[in-house]
Amino acid sequence: MTYREAMKWGIELLAQAGIEEAKIDAWLLVEAVCKVNLTFYYSHMEDDLTTEHQSEYEIAVRKRAERIPLQYITGEQEFMGLNFKVNSNVLIPRQDTETLVEEVLKVCQPKMRVLDLCTGSGCIAISLLKNAHGMAVTGSDISKQALLVAKDNAKVHEVEINWVRSNLFENINERFDLIVSNPPYVAQSEILSLMPEVRDFEPIGALDGGVDGLDFYRQIVAQGKDYLNKDGYLYLEIGYDQGPAVTNMMCAAGYREVSVIKDLAHHERVVKGRV
């Protein structure tokens, strides 16, 4: 099988499986398996793949045709210009969440103590440290498997983070200048309507926000003040329609300077406030 034939076969199989971006995904799998770039591809389209690469590519394409997320097949996802290892134990980092990190970076200062709740792959905590040096960052998650992924990512990106296994604040025993979180926020009634890649393969614990999607916000907002220093910040990623509810929650709990920030698609994405 030549590179051209591999692309043609991959595109056809993925398209038949209903993959909207079949051509892009077929190429990304060629790139990941064969470790080649577009320049190489166009110069060697009629060259044969090695037997090993052909076998690996065919397996990868068939996995994608089963709607397994591309990132779980390649094992990585880019976020804030950094590559993060991912597997089925962590939510795949989204570009939407970059809005959260960018907003937090606006207030970051050296020697700040920062807590990243529901850290997952660690992409938020690690991205903050890579862009704002001199802070003491703690990342927590209820999932032991997720923390193993986060620790691996921290090692790759050469940052020191204190990792804590905790159900929200359960095992947190200090105060912070800033708490940031991208918690589970999908309403239970909406989970079945999610794309198969998300619904069937991403960890349900990182998605399920309770009956109305707001369970984690209620706990974080209510308890967060006990873990923030004076004038400390709370930054939360939200679903596109959750801005009013989370804003009201924070105002009722006594947070100051509460506001909502939109992402690049003009959807409400972050609610922030301070104590």
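As shown above, the structure is provided for reference.
These lines cover the structure that appears in this document, whether it is placed above or below. (Residues numbered from 1 in each chain as written. Predicted model: local features only at pLDDT ≥ 70, side-chain atom pairs only at ≥ 80, totals over all residues. Heavy atoms only, no water.)

1. Concerning the nonpolar core
Point 1. The biggest cluster of nonpolar side chains holds 31 residues, and the ones touching the most others in it are Leu 128, Met 135, Val 180 and Tyr 235.
Point 2. Elements that contribute at least two residues to this core include exactly strand E2 (82-85), helix H6 (96-105), helix H7 (123-131), helix H8 (144-156), strand E6 (176-181) and strand E7 (228-237).
Point 3. The greatest single-element share of this core, amounting to 6 residues, is contributed by H7.
Point 4. Setting aside residues no more than four positions away along its own chain, Tyr 235 makes contact with Leu 100, Glu 103, Val 104, Val 107, Leu 178, Ile 179, Val 180, Ser 181, Val 270, Val 271 and Lys 272. (Core = buried A, V, L, I, M, F, W, Y, C linked by side-chain atoms within 4.5 Å. Buried < 20%, exposed > 50% of the residue type's maximum accessible area, 1.4 Å probe, protein only. Helix = DSSP H or I, 4+ residues; strand = E, 2+ residues; numbered from the N terminus. Contact = heavy atoms within 4.5 Å.)

2. Topic: the packing of H6 against H7
Point 1. Contact pair H6 / H7: the axes reach a minimum separation of 10 Å and the direction vectors enclose 40 degrees. Between H6 and H7, the angle is such that the two are oblique. Judged by the twist between their axes, the crossing of H6 over H7 is right-handed. Between H6 and H7, the contacting residues are Thr 97, Leu 100, Val 101, Val 104 and Leu 105 on the first element and Ile 124, Ser 127, Leu 128 and Asn 131 on the second. (Axes fitted to C-alpha atoms, helices over the stretch in contact; angles between N-to-C directions. Parallel < 35°, antiparallel > 145°, perpendicular 65-115°, else oblique. Left-handed = near helix turned anticlockwise from the far one by under 90°.)

3. Concerning unusual backbone geometry
Point 1. A positive phi angle is found at Lys 111, which is not glycine, with a value near 75 degrees.
Point 2. Mapped onto the secondary structure, Lys 111 falls in the loop between H6 and strand E3 (113-117).
Point 3. Look at Cys 118: it is not a glycine, yet its phi comes out positive at around 60 degrees.
Point 4. Assignment of secondary structure puts Cys 118 in the loop between E3 and H7.

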